[in-house]
Amino acid sequence: MILFVVIGLVIAGIGETQFSLFIRSDLDNLIGSVVFNAIYLTMAALVSWLLAKRFGDSLVTIILLVIGFGTSGLMIEWFLIGNSPWGNPQASQIGMFAYWSAMVVVPFVCLRPDVRLAGLKKTILASVLLYTIAALLIQLIPNATLHFVYHIWSFILGYTALILLATIGYIRAVCGIPTNLRVDP
């Protein structure tokens, strides 16, 4: 459970650093987010374990994790943080859904013992490292507008790509379900 929480905090920490430190210069918010996310991830680890125990490494498990934690994350964003469509229409609902899903699905996938996931785990690690390096390097450019635009869009696109990578990779590797949309005549 501890490793699940640590991996989830790393995944969440990248986006939290972008928003809390790079955009708002608010260290207290970053610390508060880490504490809240650690509690959230502890509960998520338990739910993930229960789902895997009940449904095994299956399509049902991964879909319930993605939808369940993406939705619960949106509820946190809407009702606790104020990033609802009516309260903050500029907030990306897709980006927030992907962020909360990835925070749980990535540790779930990375901690599965299935050898068929080895390549996916390496791809996830490489993607997270590249995303982090790019987020850090952009801070070297002395242009606050560029920082803001970059961090907002990299958050939305980066977390969306990460959740798609983890989910589709898991489905292809573990569930044996082809995920291409090509239909042969």
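What counts, and at which threshold
Residues numbered from 1 in each chain as written. Predicted model: local features only at pLDDT ≥ 70, side-chain atom pairs only at ≥ 80, totals over all residues. Heavy atoms only, no water. Helix = DSSP H or I, 4+ residues; strand = E, 2+ residues; numbered from the N terminus. Rg over C-alpha atoms; globule rule 2.2 N^0.38 Å. pLDDT = per-residue confidence, 0-100. Contact = heavy atoms within 4.5 Å. Phe/Tyr/Trp six-rings, centres within 6.5 Å; stacked < 30°, edge-to-face > 60°. Buried < 20%, exposed > 50% of the residue type's maximum accessible area, 1.4 Å probe, protein only. Salt bridge = Lys/Arg side-chain N within 4 Å of Asp/Glu carboxyl O.

Draft legend 1. A look at the overall build of the chain. Each helix and strand counted, the chain has six helices and zero strands in total. The helix and strand sequence of the chain, counted from the amino end, reads α-α-α-α-α-α. What you see for the chain is a C-alpha radius of gyration of 17 Å, in line with the 16 Å of a compact globule of 185 residues. In terms of its C-alpha atoms, the chain occupies a principal-axis envelope of roughly 50 × 35 × 30 Å.

Draft legend 2. Region of the structure containing the confidence of the model for the chain. For the chain, per-residue confidence averages 93 on the pLDDT scale, and 96% of positions sit at 70 or higher. Model confidence for the chain, summarised as mean pLDDT per element, is weakest for helix α6 (residues 144-175) at 93 and strongest for helix α4 (residues 93-110) at 98. Contacts of residues 181-185 to residues separated by more than four positions or lying in other chains number zero contacts, the stretch itself having pLDDT below 50.

Draft legend 3. Highlighting the packing of aromatic side chains. Under the criterion given, the structure shown has 14 aromatic pairs. Judged by centre distance (6.4 Å) and plane angle (20 degrees), the ring pair of phenylalanine 36 and tyrosine 40 falls under stacked. In this pair, phenylalanine 36 and tyrosine 40 are both assigned in helix α2 (residues 27-55), four residues apart and thus about one turn of the helix distant. Owing to a relative accessible area of 36%, phenylalanine 36 belongs among the partly exposed residues under this scheme. Overall, the relative accessible area of 7% leaves tyrosine 40 in the buried class.

Draft legend 4. Region of interest: the pattern of salt bridges. Under the counting rule described, the total for this entry stands at two salt bridges. The shortest N-O distance in the salt bridge between arginine 112 and aspartate 57 comes to 2.8 Å. Residue arginine 112 is located in the loop between α4 and α5 (118-138), and its partner aspartate 57 is located in the loop between α2 and α3 (59-81); the two are separated by 55 residues in the primary sequence. Using a relative accessible area of 19% as the deciding quantity, one classes arginine 112 as buried. Between arginine 116 and aspartate 114 there is a salt bridge, with the nearest N and O atoms lying 2.4 Å from each other. A relative accessible area of 48% means that arginine 116 is categorised as partly exposed.

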